[in-house]
Amino acid sequence: MKTLYDVQQLLKRFDIYVYVGKRLWDIEVMALELDHLHDAHVIDNKTFAHAKLVLTHEHRLEEARENTK
């Protein structure tokens, strides 16, 4: 799992589709949904950790993009 698209595909396997309208908010909602899946023991620790790393990275990139505007 290396990209935001990969995380979206993971969530899609559980019929979770996230579109809030702003990329930063989408990433935050995806992180919440991922937490819920992990708390319910639906995804393993390794998958959870990889996905959270991707989301954290993308969140930082998006914040940096917004700050340069």
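Presented here is an overview of the structure given in this document. Given the structure is predicted, the values throughout are model-derived calculations rather than measurements.

Some words on helix α2 (residues 23-39)
Then comes step 1: The terminal C-alpha atoms of α2, which comprises 17 residues, lie 24 Å apart, in line with the 24 Å expected from a rise of 1.5 Å per residue.
Then comes step 2: All of the buried residues along α2 are L24, D26, I27, M30, A31, L34, L37 and H38. An end-on view of α2 places all buried positions within 155° of arc, on one side of the element.
Then comes step 3: Where α2 is buried, its residues contact α1 (4-12) and α3 (45-67).

What to know about the side chain of E58
Then comes step 1: Within the fold, E58 resides in helix α3.
Then comes step 2: For E58, a relative accessible area of 11% gives the class buried.
Then comes step 3: What E58 contacts, discounting residues up to four positions off in sequence, is L4, R23 and I27.

Brief notes about the pattern of salt bridges
Then comes step 1: Under the definition given, this model contains five salt bridges.
Then comes step 2: With a closest N to O distance of 2.8 Å, E58 and R23 form a salt bridge. Of this pair, E58 sits in helix α3 while R23 is found in helix α2, placing the two residues 35 residues apart along the sequence.
Then comes step 3: In this structure, K52 and D35 form a salt bridge, with 3.0 Å as the shortest nitrogen-oxygen distance. Residue K52 is located in helix α3, and its partner D35 is located in helix α2; the two are separated by 17 residues in the primary sequence.
Then comes step 4: Accessibility expressed as a relative area gives 24% for K52, which makes it partly exposed.
Then comes step 5: We classify D35 as partly exposed; its relative accessible area is 24%.
Then comes step 6: It is possible to trace a salt-bridge network through shared partners that takes in R23, E58, E62 and R65.

Re the side chain of E62
Then comes step 1: Its location among the elements puts E62 in helix α3.
Then comes step 2: On the accessibility criterion, E62 (10% relative accessible area) is buried.
Then comes step 3: Once residues lying within four places of it in the same chain are set aside, the contact partners of E62 are R23, L24 and I27.

Quick word on the nonpolar core
Then comes step 1: Ranked by size, the top nonpolar core spans 16 residues in total, and within it V7, L11, M30, L34, I43 and L55 carry the most contacts.
Then comes step 2: At the level of secondary structure, the elements contributing two or more residues to this core comprise α1, α2 and α3.
Then comes step 3: Per-element accounting of this core gives the leading share, five residues, to α2.
Then comes step 4: Apart from the residues within four sequence positions on either side, L11 is in contact with I16, M30, E33, L34 and L37.

How each quantity is defined
- Residues numbered from 1 in each chain as written.
- Predicted model: local features only at pLDDT ≥ 70, side-chain atom pairs only at ≥ 80, totals over all residues.
- Heavy atoms only, no water.
- Helix = DSSP H or I, 4+ residues; strand = E, 2+ residues; numbered from the N terminus.
- Expected span 1.5 Å × (residues − 1).
- Buried < 20%, exposed > 50% of the residue type's maximum accessible area, 1.4 Å probe, protein only.
- Arc of directions from axis to C-beta.
- Contact = heavy atoms within 4.5 Å.
- Salt bridge = Lys/Arg side-chain N within 4 Å of Asp/Glu carboxyl O.
- Core = buried A, V, L, I, M, F, W, Y, C linked by side-chain atoms within 4.5 Å.

Purely geometric stuff here, so don't read any function into it on its own.
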